[in-house]
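# Results of the structural survey
Residues per chain, in single letters:
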Amino acid sequence: MLVLVMGHRRGLTKALEHLDVPYCIWNLKPIKSKTKSLQSFVAPYPKTKDELLKSLNNNLKITHIIAGTEEAVTPASEVRGWLNARRNPHNVIVLCTDKLKMKEYLSQAHIPMTKFLDATKAAKPGELLNEFGMPIVVKPRVSSGGRGLKKVRQESELEAELKDGMMLEKYIKGSEGSVESFIHHNEILFTNITEYQQLGHCNLVPATYDKELCQKILELNSKVIKALKINWGMTHLEFYQTESGLLFGEIALRPPGGYLMEALGLAYKLDFWEQFARIELDLEPAFKIDSTAFAASLVLHPEAGTVTEITGLDKVKELESFRQIGR
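First, a word on what this report is: a plain description of the structure on this page. (Residues numbered from 1 in each chain as written. Predicted model: local features only at pLDDT ≥ 70, side-chain atom pairs only at ≥ 80, totals over all residues. Heavy atoms only, no water.)

### Examining the overall build of the protein
Secondary structure assignment for the protein yields eleven helices and 14 strands. Computed over its C-alpha atoms, the radius of gyration of the protein comes to 21 Å, within 12% of the 20 Å expected for a compact globule of 327 residues. The principal-axis extent of the C-alpha atoms belonging to the protein is close to 60 × 55 × 45 Å. Across the 327 residues of the protein, 49% fall into the buried class. For the protein, the accessible area works out to roughly 17800 Å², and carbon and sulfur atoms hold 49% of it. Each charge class in the protein was averaged separately, 42 positive and 40 negative side chains, and the resulting centres sit 3 Å apart. (Helix = DSSP H or I, 4+ residues; strand = E, 2+ residues; numbered from the N terminus. Rg over C-alpha atoms; globule rule 2.2 N^0.38 Å. Buried < 20%, exposed > 50% of the residue type's maximum accessible area, 1.4 Å probe, protein only. Areas by Shrake-Rupley, 256 points an atom, 1.4 Å probe, with all protein chains shown as cover. Lys, Arg positive; Asp, Glu negative; His and termini not counted. Charge placed at Lys NZ, Arg CZ, Asp CG, Glu CD.)

### Things to note about the sheet that holds strand 9 (residues 175-184)
With antiparallel pairing, six strands are arranged side by side in an open sheet as 13-12-9-10-11-14. Strands with a single pairing partner mark the edges of an open sheet, and in this sheet they are strand 13 (245-252) and strand 14 (295-298). Direction aside, neighbouring strands of the sheet carry axes that sit 25 degrees apart on average. Sitting on the sheet, helix 8 (residues 211-228) touches strand 9, strand 10 (187-198), strand 12 (233-242) and strand 13, and the angle it makes with strand 13 is about 45 degrees. (Pairing = 2+ DSSP bridges. Axes fitted to C-alpha atoms, helices over the stretch in contact; angles between N-to-C directions. Contact = heavy atoms within 4.5 Å.)

### Re the sheet that holds strand 6 (residues 136-140)
Adjacent strands of a sheet pair through backbone hydrogen bonds, lying either parallel or antiparallel. Judged by pairing direction, the sheet is antiparallel, and its four strands sit side by side in the order 5-8-6-7 without closing on themselves. At either end of the open sheet lies a strand with only one pairing partner, and these are strand 5 (116-118) and strand 7 (150-152). Strand-to-strand, the axes of this sheet are offset by a mean angle of 30 degrees, without reference to chain direction. Relative to strand 8 (residues 166-170), helix 6 (residues 125-132) is tilted by about 40 degrees, and along the sheet it contacts strand 5, strand 6 and strand 8.

This is how it looks when you write it as structure tokens:
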């Protein structure tokens, strides 16, 4: 067995090392942390099979490909196809990556969601504002973490956003959260609901919602996964709570960012990177949860510019609840 990790995540490579599984890494940027990678590639992901084979050492017989980051999901699926490795159907990967195609498909499966539209098929800005109201959310079809998202409030600003690769959504008034699921042989083995206590900054694991709401969230999550026919892997589904009920936001077939994997590990006392690796390698995962606690990831985003100094870390480390700091 030899794994090609596309999109380095240290938790993933540490899990492979713990499982004694050899691996190589293909990453878009230089890797700062030390790894036990047999070979590392720092380059754009291959666009053809010939390009892939020219880069790989002939002695490297890749058996599995694992995508660790958002940018690697689609290229990893293509590489799996070229090397005849195990994979979900490629159309499933596309649906979990392209938000417009995702919502067009899931809306036909009667998944509740806000009104949306391909930006290139939009009517006149004035008519759009009347139909969607203000603000109108404009976002890239392929992105994550709110990157590239804009809230347009004026007709004069909207026209410039009606371009290829973008989509429009009606603004949602409500709170957000997510569901992390591990799927093995067409069965959801484990789910966690994450509460976004402060959007973009603080995530709480597990959520403190009441039992009835949690049940509705899990039902929505299950319905989406079944509609997409996801056979295996880890999913990260985002939802909205509104006055009129739950709305689907989007789903990704990959581990989440925002240090959620680390928070999951602290909350459930389990190495979730290892469980992810096991599922990707078609090994039996071990979701034995003996006890739970609450854990939170707090992400501080500085304003634009260069960070020259960080103060107050000593006081943070003195907190009884403190566990780790990542930069």
